[in-house]
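# Remarks on the overall topology
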Amino acid sequence: MKITKLTILVLAIAVALFVMVPSLSWAAEDGAAVYKTKCAACHGADGAGKVGPALKGNKLSADQVSALVANGEAGKKAPHTKAVSGVTAEQAKAVAEFVKGLK
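Each chain carries its own residue numbering, running from 1 in the written order of its sequence. The model is predicted, so local features are restricted to residues of pLDDT at least 70 and side-chain atom pairs to those at 80 or more, both for listing and for counting; the totals for chains, interfaces and linings are taken over all residues. Only heavy atoms go into the side-chain values, all of them from the structure, while hydrogens and water stay out.

### Some words on the side chain of His 43
Elements are defined by DSSP. Helices are runs of H or I of four residues or more, strands are runs of E of two residues or more, and each kind is numbered from the N terminus. Mapped onto the elements, His 43 comes out in helix α3 (residues 40–43). The cut-offs for exposure are 20% and 50% of the maximum accessible area for each residue type, with area from a 1.4 Å probe on protein chains only; residues under the lower value are buried, those over the upper are exposed, and the others partly exposed. Among the residues examined, His 43 registers a relative accessible area of 9% and is labelled buried. The contact partners of His 43, leaving out residues within four places of it in the chain, are Tyr 35, Ala 48, Gly 49, Lys 50, Gly 52, Pro 53, Leu 55 and His 80. Note on contacts: a residue pair qualifies if any of its non-hydrogen atoms lie within 4.5 Å across the two residues.

### Overview of the nonpolar core
The tendency in soluble globular proteins is for nonpolar side chains to be buried as a group. Definition of nonpolar core: a set of buried residues of the types Ala, Val, Leu, Ile, Met, Phe, Trp, Tyr and Cys, connected through side-chain atoms within 4.5 Å. Tyr 35, Val 69, Val 87, Val 95 and Val 99 are the most contacted members of the largest nonpolar core, which totals 14 residues. Going through the elements one at a time, α2 (31–38), α4 (62–71) and α5 (89–100) are the ones with two or more residues in this core. The element that contributes the greatest number of residues to this core is α5, accounting for four residues. Setting aside residues no more than four positions away along its own chain, Tyr 35 makes contact with Ala 40, His 43, Gly 44, Ala 45, Gly 47, Leu 55, Val 95, Phe 98 and Val 99.

### Describing the packing of α4 against α5
Running from N to C, α4 and α5 point in directions that differ by 135°, and their axes come no closer than 8 Å. Accordingly, the angle class assigned to the pair α4 and α5 is oblique. Between α4 and α5 lies a crossing of right-handed hand. Contacts from Ala 62, Val 65, Ser 66, Val 69 and Ala 70 in α4 reach Ala 89, Ala 92, Lys 93, Ala 96, Glu 97 and Lys 100 in α5. Residue polarity is assigned by list, with Asp, Glu, Lys and Arg as charged and Ala, Val, Leu, Ile, Met, Phe, Trp, Tyr, Cys and Pro as nonpolar; anything else, Gly included, falls into the polar class. Looking at the contact of α4 with α5 residue by residue, the classes come out as seven nonpolar, one polar and three charged. Only the stretch in contact is used when fitting a helix axis, every axis being a line fitted to C-alpha atoms; angles between N-to-C directions are given from 0 to 180 degrees. We call two directions roughly parallel when the angle between them is under 35 degrees, roughly antiparallel when it is over 145, roughly perpendicular when it lies between 65 and 115, and oblique otherwise. In this scheme, a crossing is called left-handed if the near helix is turned counterclockwise away from the far one by less than a right angle; it is called right-handed if the turn is clockwise.

Written as structure tokens, this is what we have:
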């Protein structure tokens with residue numbers, strides 16, 4: 001009987017951790033890593049621009065950059081006419097913070 005209760009307790013803890021871990025801040029995607037895989041091909045590894053415009057020193061706020069990555073904007077060049085595929089809202093915020101830190 002005690003082994004059954006212990007097993008249930010261990011399983012309950014495992015399930016709780018499984019649910020909580022993805023939402024912990026240390027488990028969040030690194031903005032630099034997402035930028036490197038999703039943005040650097042056009043905007044350059046250092047944000048100086050390649051095919052796309054330079055991001056270094058842009059006048060957009062971090063919230064505006066995040067919204068552009070997460071939602072897109074009509075009239076922008078692809079891929080920014082819609083949300084950048086495969087990027088979550090949390091990742092978009094991390095990318096925006098990374099972009100605003102480029103010097």
